[in-house]
Amino acid sequence: MAALDLFGRRWTLRILWELRGQALGFRPLQQRCDGMSSSVLQQRLTELQESLLVERDAQEGYRLTPLGKGACDELQGLHRWSECWAAELDRAASDGPEAKP
């Protein structure tokens, strides 16, 4: 339940998603997150650091820890599922009520 609480907080999954491939400094991360407020980004980064999912490197910025990488690996399954879901929704929309006899 603690993980669901953490992941359910606004912007948390987006931050993890943006850090999955590379370390990012504060400003580049903020830009990739559609310019979220700096106070919210700082709060989420603090929470993720306290949860041992993100660490700060003075040279590169913020990056995933091994636990954070593991969380992102697990989220890839959800990402694959969401692509299937989106395809089904698109298919259902194209087969909408006007397409039925």
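Just so you know, these numbers come straight off a predicted model, no measurement behind them.

Trainee: Break down the environment of S37 for me, with residues and values.
Mentor: Examined against the element boundaries, S37 turns out to sit in the loop between α3 (26-32) and α4 (38-50). Judged by its relative accessible area of 36%, S37 is partly exposed. When the C-alpha atoms of S37 and E55 are compared, they prove to be 20 Å apart, with 18 residues separating the residues in sequence. Among the polar contacts listed, one links the side chain of S37 to the backbone nitrogen of V40, at a separation of 3.2 Å.

Trainee: Please give an account of the nonpolar core that cites residues and values.
Mentor: If you look at the biggest cluster of nonpolar residues, it comprises 16 residues, and the most contacted ones within it are I15, L16, L19, L29, L45, L48 and V54. Those elements giving two or more residues to this core turn out to be α2 (12-19), α4 and β2 (61-64). When residues no more than four places from it in sequence are discounted, the contact partners of V54 are L16, L19, L45, L48, Q49, Y62, R63, L64 and T65.

Trainee: Please set out the packing of aromatic side chains residue by residue, giving values where relevant.
Mentor: Inspection of the entire model under this criterion finds one aromatic pair. The ring of W17 carries the charged tip of R20 above its face, separated from the ring centre by 3.9 Å.

Trainee: Go over α2 with me, naming the residues and quoting the values.
Mentor: Three or more residues of α2 are buried, namely T12, I15, L16, E18 and L19. Here the buried residues of α2 occupy an arc of 165 degrees about the axis, which is enough to place them on one side. Next to the buried residues of α2 lie α1 (2-7), α3, α4, β1 (54-57), β2 and α5 (66-94).

Trainee: Quick rundown of the pattern of salt bridges? Include the residues and the values.
Mentor: Taken as a whole, this structure holds ten salt bridges when the rule is applied. Across the salt bridge formed by E18 and R32, the nearest N and O atoms sit 3.8 Å from each other. A residue pair is termed long-range when its members are at least 10 positions apart, and E18 in helix α2 and R32 in helix α3 qualify at 14 residues. For E18, a relative accessible area of 12% puts it in the buried group. Here E88 and R91 are joined by a salt bridge, their closest N and O atoms 2.6 Å apart. One end of the pair, E88, and the other, R91, are both in helix α5, three residues apart, so they sit about a helical turn from each other. By relative accessible area, R91 is classed as partly exposed at 43%. When salt bridges that share partners are traced, they join D5, R9, R44 and E47 into one network.

How each quantity is defined
The residue numbering used here restarts from 1 in each chain and proceeds along that chain's sequence as written. Where local features are concerned, this predicted model is filtered to residues with pLDDT of at least 70; where side-chain atom pairs are given and counted, the filter is 80 or more; whole-chain, interface and lining totals use all residues. In computing side-chain properties, one takes all heavy atoms of the structure into account and sets aside hydrogens as well as water. Every helix listed is a DSSP run of H or I at least four residues long, and every strand listed is a run of E at least two residues long, numbered separately from the N terminus. Any residue under 20% of the maximum accessible area for its type is buried, any over 50% is exposed, and the rest in between are partly exposed; the area is computed with a 1.4 Å probe on protein chains only. Polar contact is defined as a pair of N or O atoms within 3.5 Å, subject to the rule that within protein one atom must be able to donate a hydrogen and the other to accept it, and that residues adjacent in sequence are counted only when both atoms are side-chain atoms. Nonpolar cores were defined as sets of buried Ala, Val, Leu, Ile, Met, Phe, Trp, Tyr and Cys residues, with membership established by side-chain atoms within 4.5 Å. Throughout, a contact is declared for two residues whenever any of their heavy atoms are within 4.5 Å. Each aromatic pair joins two rings of Phe, Tyr and Trp (for Trp, the six-membered one) with centres within 6.5 Å, and gets the label stacked for planes under 30 degrees apart, edge-to-face for over 60, and tilted for any other angle. Our definition puts a charge over a ring when NZ of Lys or CZ of Arg is within 6 Å of the ring centre and also within 35 degrees of the ring normal. Note that the arc is computed from the directions linking the helix axis to the C-beta atoms. When a carboxyl oxygen of Asp or Glu is within 4 Å of a side-chain nitrogen of Lys or Arg, the pair counts as a salt bridge.

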